[in-house]
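Commentary on secondary and tertiary structure
Residues per chain, in single letters:
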Amino acid sequence: MQLRILFAAAIYLASYLPLSLILLAQDLDVEVVKRGICPVGSMVALGCASPLKNPFYSLVAVAVCAVGMLATFLALRVLRTSQRVKVTESKHIPADLINYVIPYVVSFISLDFEQGTKLIGFAVFLGWIFWITYRSGQIVLNPVLAAFGWKLFEVKYVHHGATAIFVGRMLSKVDIEPDRTYLQGHLQDVMVVRDNEEDASR
């Protein structure tokens, strides 16, 4: 299944859910928090100040990334894993954190929602990284998935009933072992295995 660009963007944004939470924390108004926070329903009636300096931007950023995360898990859940392949060699690939970590580093260099021009520049930077990641077929390689038990493997495999050997990448919640058969589906250029659904000895 070739990812559509909007769905790919959702998966990409999911990887930055922790970043949106960091920016949300940085948007807290400490003085308001010290004075005490009014109930949300009473803020307008009592004229209480919001504990966030820019509640619209900070909360929308978290919401958008959270929706992206839900879309990612939904895609992995509904993906059909009906193709049988036998793995002949497998090697675990550690998550590539370089491109992923850079925006986090930038977020701690005096970046907040009140700095309009810096925020626009940061958005352009994220957009550029997204386009490179999308065009290179790396969107599915979301490092946040590692926190939920997903691992990436480089594998050599053969299709069921064939002899030609192929090389590819496999995203799985189980350890991929040689000489075993797995049911997988494609998400962009990555094979996805949810469970150890079939053993080669069967």
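Above this text you will find the structure in question.
Below: a short report on this structure. (Residues numbered from 1 in each chain as written. Predicted model: local features only at pLDDT ≥ 70, side-chain atom pairs only at ≥ 80, totals over all residues. Heavy atoms only, no water.)

1. Concerning the overall build of the protein
Within the protein, the secondary structure is distributed over seven helices and five strands. Reading the protein from its N end, one meets helices and strands in the order α-α-α-α-α-β-α-α-β-β-β-β. Taken over 202 residues, the protein has a buried fraction of 38%. Across the protein, the fraction of contacts at a sequence separation of at least 24, relative to all contacts at a separation of at least 6, is 66%. (Helix = DSSP H or I, 4+ residues; strand = E, 2+ residues; numbered from the N terminus. Buried < 20%, exposed > 50% of the residue type's maximum accessible area, 1.4 Å probe, protein only. Contact = heavy atoms within 4.5 Å.)

2. Observations regarding helix α2 (residues 17–26)
Within α2, burial applies to Leu17, Leu19, Ser20 and Leu23. The buried residues of α2 occupy an angular sector of 160 degrees when projected down its axis, which confines them to one face. (Arc of directions from axis to C-beta.)

3. A few points about the environment of Ile102
Structurally, Ile102 is set in helix α6 (residues 98–107). Each C-alpha atom, one on Ile102 and one on Leu126, is 10.0 Å from the other, the two residues being 24 residues apart in sequence.

4. Quick look at the packing of α2 against helix α5 (residues 55–78)
Relative to each other, α2 and α5 sit at 165 degrees, their axes nearing to 9 Å. When the interaxial angle is binned, α2 and α5 end up roughly antiparallel. When the axes of α2 and α5 are compared, the crossing they make is left-handed. Residues Leu17, Ser20, Leu21 and Leu24 of α2 form the contact with α5, whose participating residues are Ser58, Leu59, Ala61, Val62, Cys65, Ala66 and Met69. Its residues placed into classes, the contact of α2 with α5 shows nine nonpolar, two polar and no charged. (Axes fitted to C-alpha atoms, helices over the stretch in contact; angles between N-to-C directions. Parallel < 35°, antiparallel > 145°, perpendicular 65-115°, else oblique. Left-handed = near helix turned anticlockwise from the far one by under 90°. Nonpolar A, V, L, I, M, F, W, Y, C, P; charged D, E, K, R; others polar.)

5. Considerations on the pattern of salt bridges
Enumeration according to the criterion identifies four salt bridges in this entry. With its nearest N and O atoms 3.7 Å apart, the salt bridge here joins Glu177 to Arg180. (Salt bridge = Lys/Arg side-chain N within 4 Å of Asp/Glu carboxyl O.)

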